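# Structure at a glance
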Amino acid sequence: MNPSIFAIPHKVEIPAGAYGVWQLPELGVSIPVYRAFGYAAQKIVDTENAASLQNFGVGKLIADHAASLSNGGKGSWDLWKCHPDDSAFFILPNETQQYRCISVSRVKVLRGGYQLDGAGVYLRLPTDIACVGCVDPEGKENYMAIFKLTGKLP
């Protein structure tokens, strides 16, 4: 059994302008996410202690630099250290959503998408979230962890 199923979200303040805060307890990550598209998304990713949130097919994509620090230096965006069944939390202004990791992989970056072993990567539900971070400085490959909504916390 993965002890991550007993994780609880840490109390945080959502910064002004942020969509919410994404937490990956197993990695110590607690990072504000900001909605952005195109060049603006890259600018957010390049900002310290910030990740971009974009639409990705029917779901959402949260992107930051691999090994980027968050949570006062206590957490690192090391997606390759995620495991299936790890918990995650999306703290929004009016609710906290709980997620479970269903896969971790290394994907090829394409113009407007991702590919795993020659097949396109697609999310199935509007509540699905894919997290990505570059494998190499050129950005040709990303680590990707996919999360499914499991419920909402009071």
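What you see is a predicted model; the values in this text were computed from it and never measured. (Residues numbered from 1 in each chain as written. Predicted model: local features only at pLDDT ≥ 70, side-chain atom pairs only at ≥ 80, totals over all residues. Heavy atoms only, no water.)

Considering the arrangement of structural elements, one finds alanine 7 in the segment before strand E1 (20-24). Assessed through its relative accessible area of 19%, alanine 7 is described here as buried. Spatially, the C-alpha atom of alanine 7 lies 18 Å from that of alanine 145, the residues being 138 residues apart in sequence. (Helix = DSSP H or I, 4+ residues; strand = E, 2+ residues; numbered from the N terminus. Buried < 20%, exposed > 50% of the residue type's maximum accessible area, 1.4 Å probe, protein only.)

Now for the pairing of strand E3 (residues 51-56). Most of E3 is tucked away: 5 of the 6 residues are buried. Sheet analysis places strand E2 (residues 29-35) next to E3, joined by 3 bridges and oriented parallel. Its bridge partner lying in E3, valine 33 is registered against alanine 51. Direction of pairing for E3 relative to strand E4 (residues 59-63): antiparallel, over a ladder of 5 bridges. (Pairing = 2+ DSSP bridges.)

A few words on the nonpolar core. For soluble globular proteins, nonpolar side chains are generally found buried alongside one another. One finds Trp22, Leu24, Ile62, Trp77 and Phe147 to be the most contacted residues of the largest nonpolar core, which totals 22 residues. Of all the secondary structure elements, the ones that give two or more residues to this core are E1, E2, E3, strand E7 (87-91), strand E8 (96-110), strand E11 (129-134) and strand E12 (141-153). Listed in part, the 12 residues of the second largest apolar core include Phe56, Tyr114, Leu123 and Met144. (Core = buried A, V, L, I, M, F, W, Y, C linked by side-chain atoms within 4.5 Å.)

Attention shifts here to the packing of aromatic side chains. One pass over the full model with this rule turns up 6 aromatic pairs. With a centroid separation of 5.5 Å and 85° between ring planes, the pair formed by tryptophan 22 and phenylalanine 90 is classed as edge-to-face. Of the two residues, tryptophan 22 sits in strand E1 while phenylalanine 90 sits in strand E7, which places them 68 residues apart along the sequence. For tryptophan 22, a relative accessible area of 0% corresponds to the buried category. On the basis of an interplanar angle of 45° and a centroid distance of 5.0 Å, the ring pair of tryptophan 80 and tyrosine 143 is categorised as tilted. Of this pair, tryptophan 80 sits in the loop between strand E6 (75-76) and E7 while tyrosine 143 sits in strand E12, and the two are 63 residues apart along the sequence. The class for tryptophan 80 is partly exposed, based on a relative accessible area of 37%. Grouped by ring-pair contacts, the aromatic residues Tyr19, Trp22, Phe90, Tyr99 and Phe147 constitute a single cluster. Over the ring of tyrosine 19 we find arginine 35, and its NZ or CZ is 5.7 Å from the ring centre. (Phe/Tyr/Trp six-rings, centres within 6.5 Å; stacked < 30°, edge-to-face > 60°. Lys NZ or Arg CZ within 6 Å of the ring centre and 35° of its normal.)

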